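Take a look at the letters that make up each chain.
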Amino acid sequence: MPMTPTAPPSAAHEHCDLLIIGAGPAGMAAALAAAPSGASITVVDDNPQPGGQIWRGGPQVALPALAQQHRSALAQHTNIRVLTGTRVVGLGATHPTDKAPALLLEDADRGWTQHSHRTVLCTGARELLLPFPGWTLPGVTGAGALQALIKAGLDVRGQRIAMAGTGPLLLAAAATAIQAGATVVRIAEQASWASLAGFAAQLPRWPAKALQALALLNPHLRASTHVLEAQGTVQVQSVRLRRGMQGEETIACDRLACGFGLVPNTQLGQLLGCALGGPLSNGQGLAVDAQMRTSVPGVYAAGECTGFGGSERALVQGAMAGHAAAGQVQQARALRPQLARWDGFAQALQASFVLNGAINTLARPDTLVCRCEDVPYADLAPRQGWIDAKLHTRCGMGACQGRICGAATQQLFGWTPAAPRHLLAPARIGTLAACAPTPSTPEAPTG
Amino acid sequence: MTSPSPPPHTVQITVDGIPRQVPAGTSVAAALAQQPPGTARTSVTGEARAPLCGMGVCHECRVRIQGRIRLACQTVCTEGLQIHTDAGTAPGSATPCP
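Some thoughts on the overall build of chain A
- Helix and strand content of chain A: 14 helices and 21 strands.
- Taking the principal axes of the C-alpha coordinates as reference, chain A spans close to 70 × 50 × 35 Å.
- Scored against the burial criterion, the 447 residues of chain A give a buried share of 54%.
- In chain A, the proportion of contacts linking residues at least 24 apart, taken out of those at least 6 apart, comes to 66%.

The following block contains the structure:
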């Protein structure tokens, strides 16, 4: 792969050999795998620090050794440039001479067009957040969100926190909250004890995961329990829960953290034309082959945007994508047995935390489903699909561009959100000026 | 960078003109959530909203920082940072300018 010099940071057009979107475990592993090839590598992440969600740094965080190793290794490679606080807002114009495709990037100060012939998408996953009465009250967050806020400095000492939803992230978030001094008053897991036991019984196949699971066990965990309502006036004060078929309980709390599973972040991949169908994501993730190639030439994908299997799977996939994108096909192939092992874990996860149908019936007619445009359930229920809903109600047309309500209506109504279009996120007008039209006299690569 | 124990060095920010001291490295979203109800913005129908996803997806935490609309969860508090919780109060106006 040829070395292309990196343009000075003020240029509206920049080049790299390999562009990696996302600096979580997959993106870091991809960059480190590709680095020995000598390629110029740019890694972009919209968070203030690399690490993704699982290795998120912050004032209250002692990062695990593996995360620290990855961060320092990234910093040691002079051909890896990590751009944090940088967001992909859309497509850039293909370079007129070398035909390199481009993405439009924006940071706090500027916008520019980043050209690269090869791109690895490590865009991760977000939480599935589903509407229930009171879910827009301040104090109600995602489960992973609470974890992220605590890591980012939120002091929860002495606070009562209830958690509801499904999956191992609930237990992990509860453990983070307890460690930070909160009292976790309830963990409501919608799956049954039978499902949880079935999952636990498989864990010895992945001993490290079994140990993690043991460490996360909590006496306030209840199975077959789901949220009915968050109650409060200006902020959440209590949560009403359904236990089993009949029982209900109301628990006072200062915060309620809910997560109903994960949704792969495929918007950028879809914008580039990548096919969906990742088998470990109910078909919602980006489809990749054994070399982590998507359906679009030059575009690779790794980590949770292809399916859910945790950081171990993301690290292996990331390394495979980095090797493959750098032309080191043998090295990518050598990792296949490791990937198979973590794909097995991902399959066990998916089978154990299937959402109970009752979760789809929590919203009342006046419960908002689209939080950007404040569209209630009653306005959406009669609509025929996503586009019909957008046209008639503005659902999905706000600042988040349907990332929250698109996934929610997919779960509630079975609607398929339309593939996103340029722009992916709100952008400054100065950024748009950097993307189009393509300059008729291209800047010579400078260095 | 990652040690949780040393005495926290703090920075001063203002939220809607009111000064606050927060530990250095705190995200703006965490700083907002620290003081209940933690409102970041007002929705198009007038509801108070606070950070939801914590990871740059939902845009519920968008605030005006030094005059620009930014996501509170992806912005770190620095000395003198001025935060206003008046972003996007009218339909279609994602980015009112100061």
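Having put the structure on the table, let's press on.
Regarding the overall build of chain B
- Scanning chain B from N- to C-terminus turns up 1 helix and 7 strands.
- Counting helices and strands in the order they occur from the N terminus, chain B gives β-β-α-β-β-β-β-β.
- For chain B, with 98 residues in total, the buried portion stands at 46%.
- Sequence separation of 24 or more characterises 38% of the internal contacts of chain B that already satisfy a separation of 6 or more.

Overview of the interface of chain A and chain B
- Taken residue by residue, the interface counts 39 residues in chain A and 42 residues in chain B.
- Of all the secondary structure elements, the ones that give two or more residues to the side of chain A that touches chain B are strand E7 (125-127), strand E8 (140-142) and helix H3 (143-151) of chain A.
- Along the lines of polarity and charge, the residues of the side of chain A that touches chain B split into 18 nonpolar, 13 polar and 8 charged.

Digging into the domain arrangement of chain A
- The domain boundaries assigned to chain A delineate domain 1 (13-126 + 263-349), domain 2 (129-260) and domain 3 (363-413).
- The C-alpha centroid of domain 3 of chain A is placed 30 Å from the C-alpha centroid of domain 1 of chain A.

Notes on the packing of helix H8 (residues 310-325) of chain A against helix H10 (residues 336-352) of chain A
Residues and elements named next belong to chain A.
- At a closest axis distance of 9 Å, the pairing of H8 and H10 adopts a crossing angle of 145°. Considering how the two elements wind past one another, H8 and H10 form a crossing that is left-handed. For the pair H8 and H10, contact is made by Gly310, Glu312, Arg313, Val316, Gln317 and Met320 and by Gln338, Leu339, Trp342, Asp343, Phe345 and Ala346, respectively.
- Looking at the contact of H8 with H10 residue by residue, the classes come out as 6 nonpolar, 3 polar and 3 charged.

Brief notes about helix H1 (residues 25-34) of chain A
All names here are of chain A.
- Burial of H1 is extensive: 10 of the 10 residues sit out of reach of the surface.
- Along H1, the residues classified as buried are Pro25, Ala26, Gly27, Met28, Ala29, Ala30, Ala31, Leu32, Ala33 and Ala34.
- For H1, the elements touching its buried residues are strand E1 (13-21), strand E2 (41-44), helix H2 (65-76), strand E3 (80-83), strand E6 (111-121) and H8.

A short note on the environment of Gln179(A)
- Relative to the elements of secondary structure, Gln179(A) occurs in helix H4 (residues 168-179).
- Between the C-alpha atoms of Gln179(A) and Val156(A), which are 23 residues apart in sequence, the distance is 9.8 Å.

Quick word on the sheet that holds E8(A)
Residue and element names in this part refer to chain A.
- Within the open sheet, the 5 strands sit side by side as E8-E15-E9-E10-E11. Their pairing is parallel. What marks the edges here is a single partner per strand, and that holds for E8 and strand E11 (221-222).
- In this structure, strand E10 (residues 183-189) lies alongside E11, joined through 2 bridges in parallel fashion. Bridge pairing links Ile187 to Leu221 in E11.
- Set on the sheet, H4 makes contact with strand E9 (160-165), E10 and strand E15 (255-259); between it and E10 the angle comes to about 180°.

Digging into the nonpolar core
- Residues Ala30(A), Ala31(A), Met163(A) and Ala302(A) are the most contacted members of the largest nonpolar core, which totals 156 residues.
- Every residue in contact with Ala30(A), bar those within four places of it in the chain, is listed here: Ile20(A), Val120(A), Cys122(A), Ala302(A), Gly318(A), Ala319(A), Ala321(A) and Gly322(A).

So, the sheet that holds strand E13 (residues 238-243) of chain A
Residues and elements named next belong to chain A.
- The antiparallel open sheet is built from 3 strands, whose spatial order is E12-E13-E14. Lying at the two open borders of the sheet, with one neighbouring strand each, are strand E12 (225-231) and strand E14 (247-252). Across the sheet, the mean angle from the axis of one strand to that of its neighbour is 25°, orientation sign disregarded.
- Pairing of E13 with E14, which is carried by 6 bridges, proceeds in the antiparallel orientation. In the sheet register, Val239 faces E14, and the bridge partner there is Ile251.

Some points on unusual backbone geometry
- The linkage connecting His422(A) with the following residue, Leu423(A), adopts the cis geometry, with an omega of 5°.
- With an omega of 0°, the peptide bond running from Pro36(B) to Pro37(B) counts as cis.
- Turning to its location among the elements, Pro37(B) is positioned in the loop between helix H1 (28-34) and strand E3 (41-42).
- Of note in the backbone geometry, Gln401(A) takes a positive phi value of approximately 55° without being a glycine.
- In this fold, Gln401(A) is placed in the loop between helix H12 (386-393) and helix H13 (405-413).
- With phi around 50°, Gln66(B) is a residue other than glycine that occupies positive phi space.

Here we look at the pairing of E6(A)
All names here are of chain A.
- Counting buried positions over the 11 residues of E6 gives 11, a clear majority of the element.
- Bridge count for E1 against E6 is 8 bridges, and the pairing is parallel. Considered in E6, the bridge of His15 is made with His115.
- Of the strand pairs in this sheet, strand E5 (residues 102-106) and E6 are connected by 5 bridges, and their pairing is antiparallel. Bridged to Glu106 within E6 is Gly111.
- Count of turn residues in the E5/E6 antiparallel hairpin: 4 residues.
- Where E6 and strand E19 (residues 299-301) come together, 3 bridges link them in parallel fashion. The residue bridging Leu121 from the neighbouring strand is Ala301, located in E19.

The rules behind these values
- Residues numbered from 1 in each chain as written.
- Chains lettered and ligands numbered in written order.
- Predicted model: local features only at pLDDT ≥ 70, side-chain atom pairs only at ≥ 80, totals over all residues.
- Helix = DSSP H or I, 4+ residues; strand = E, 2+ residues; numbered from the N terminus.
- Buried ≥ 20, exposed ≤ 12 C-beta atoms within 10 Å, placed from the backbone.
- Contact = placed C-beta atoms within 7 Å.
- Nonpolar A, V, L, I, M, F, W, Y, C, P; charged D, E, K, R; others polar.
- Domains from an automatic or database assignment.
- Axes fitted to C-alpha atoms, helices over the stretch in contact; angles between N-to-C directions.
- Left-handed = near helix turned anticlockwise from the far one by under 90°.
- Pairing = 2+ DSSP bridges.
- Core = buried A, V, L, I, M, F, W, Y, C linked by C-beta atoms within 7 Å.

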